[in-house]
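Structural overview
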Amino acid sequence: MEPFTAVEIIREKRDGGELSPDRIDWIVDAYTRGVVAEEQMSALAMAIYLNGMTAAETARWTAAMVDSGERLSLPKLVKPLVDKHSTGGVGDKITLPLGPLLAHCGAAVPQLSGRGLGHTGGTLDKLESVPGWRAGLSAAEIASQLAEIGAVVAAATPTLAPADRKLYALRDVTATVESIPLIASSIMSKKIAEGTSALVLDVKVGSGAFMKDLPRARELAETLVSIGAASGVRTTAVLSDMSAPIGYAIGNAVEVAESVEVLRGGGPADVVELTTVLAEEMLRLAGLSADPAGVLASGAAYQTWRAMLRAQDGDPDAPLPAAAHVRELTAPADGYLAELDAYSFGVAAWRLGAGRTRKEDPVQHAAGIVLNAKRGAWVRAGEPLAWLHTDTEEAIEPALAELEGAVTVTATEPEPRPLIIDVLRG
Ligand code: URA
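Below you will find a few notes about this structure. The numbers attached to residues start from 1 for each chain and follow its sequence in the written order. Per-residue local features of the predicted model are confined to residues with pLDDT of at least 70, and side-chain atom pairs are confined, for both listing and counting, to 80 or more; whole-chain, interface and lining totals are unaffected and use all residues. With hydrogens and water stripped out, all remaining heavy atoms of the structure feed into the side-chain values.

Here's the deal with the site of the ligand
Here is the rule: The cutoff for a nearby residue is simple: one of its non-hydrogen atoms must lie within 4 Å of the molecule or strand. Under the rule applied, a polar contact is a pair of N or O atoms within 3.5 Å (in protein, one hydrogen donor and one hydrogen acceptor; residues adjacent in sequence only if both atoms are side-chain atoms). Helix and strand labels come from DSSP, where a helix needs a run of H or I of at least four residues and a strand needs a run of E of at least two; each type is numbered from the N terminus. In this classification, Asp, Glu, Lys and Arg are treated as charged, Ala, Val, Leu, Ile, Met, Phe, Trp, Tyr, Cys and Pro as nonpolar, and every other residue, Gly included, as polar.
Taken together, Tyr168, Arg171, Ile183, Ser186, Ile187, Lys190 and Phe210 make up the full set of residues near the ligand. One of the side-chain N or O atoms of lysine 190 is found 2.5 Å from an oxygen atom in the ligand. Within the residue set of the shell around the ligand, elements represented by two or more residues are α8 (162-172) and α9 (180-194). Take the shell around the ligand: its biggest share by element is 4 residues, from α9. Here the residues of the shell around the ligand are counted per class, giving 4 nonpolar, 1 polar and 2 charged.

A short note on the environment of isoleucine 180
Test applied: Exposure classes here rest on a 1.4 Å probe applied to the protein chains alone. A residue is buried below 20% of its type maximum, exposed above 50%, and partly exposed in between.
Mapped onto the elements of the fold, isoleucine 180 is located in helix α9. Judged by its relative accessible area of 4%, isoleucine 180 is buried. For the pair isoleucine 180 and alanine 56, spaced 124 residues apart in the sequence, the C-alpha separation amounts to 14 Å.

Digging into unusual backbone geometry
With phi around 45°, alanine 161 is a residue other than glycine that occupies positive phi space. Along the chain, alanine 161 falls in the loop between β3 (151-155) and α8. Look at alanine 161 and you get buried, because its relative accessible area is 1%. Look at aspartate 313: it is not a glycine, yet its phi comes out positive at around 65°. Take aspartate 313: it is sitting in the loop between α14 (301-311) and β7 (325-330). The exposure class of aspartate 313 is partly exposed, given its relative accessible area of 45%.

So, the sheet that holds strand β10 (residues 378-379)
Using the following cut-off: We call two strands paired when DSSP finds no fewer than two bridges between them.
If you walk across this open sheet you meet the 3 strands as β10-β8-β12, and the pairing is antiparallel. Every interior strand has two partners, whereas the edge strands, β10 and β12 (407-410), have only one. In terms of strand pairing, strand β8 (residues 335-340) meets β10 through 2 bridges, oriented antiparallel. Note that in β10 the partner of tyrosine 336 across the bridge is tryptophan 378.

Encoded structure:
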């Protein structure tokens, strides 16, 4: 005999009520068991979307999603566990240099990641462009790699927060993704189940992000930090600009190549800045003192990257895949590059084959875009602005169409835009 009915809970939320902890526990569990039907959860998700949830409801909802599955049981490590999550962006490869950097500085970083959907890339898709690299690790393999190397990037196991897996797929098809309590509980349930003790969240703001405006992004950041506090995970949220692509590379292999440049002491200034800021917060939460900017500049973390790839059967010396077709995008006029719209570049890279439309689709490892200039640079009409890479020639025209209007060239130099907007500490 079930203690509640879905209908009474949907009605309560529809009418603006606050759900009690036992109702939240029941509905999340009953949905995972298949007792609550998809159409009932759709109605409840829409009621939550429209009426929101209190901080207490959101924290309980998160805990119920964690309890819907198993927690990753990591043996006690000598190194402090700390993780990072990004709400998703264009050219956002920061996980790749960050894991080896933190591991080099003495932390253990258990990055359980997903694949890309839509215009934002997925970390696993990027790393799978390294010949041989394997995303599917057992819990025992994750634990031993953390102990030995300190950095691991692996596919989230199906038993980790299964309620979120089901609910996320449902939200995707019911226009209920963009709800702050639902996004925050979805992200945090997976990180809490993974067992990290500290977490830094990179909350992106701008056209290439989930949250297009600062007030909504700030509200999401505050909600994430408060769930962390309620769950005993030391949490910091960094608000960062996502109105233009990060770095020069957008795609899979091209982002791996750019990450390697950063790990070897070079790379684009914005990738280095964001990696360093996130690393400093992670080190602070982990209670470690190190100089991440100095470590990056020295190239020392590159050896940890190589060890991380090898541990997952990847060959760090093998050439990365190259695209069959490369097309130039040229500057429309002389002037300063005032805008490179992140969303349009993300969609164009996706059209070239770097991303997928359905979760079972394959991605092209060599597809993507490599910029030749960043916002603020002086460009000349007809000179290359970017190169489009793909294995499917017929994808080039739709990608170019996506980029129409994505580039703005002006006679006056644009105001610099800070990459780091704010840091919220729990
Ligand atoms: N990422 C997640 O994991 N969940 C959301 O709801 C949105 C982004």
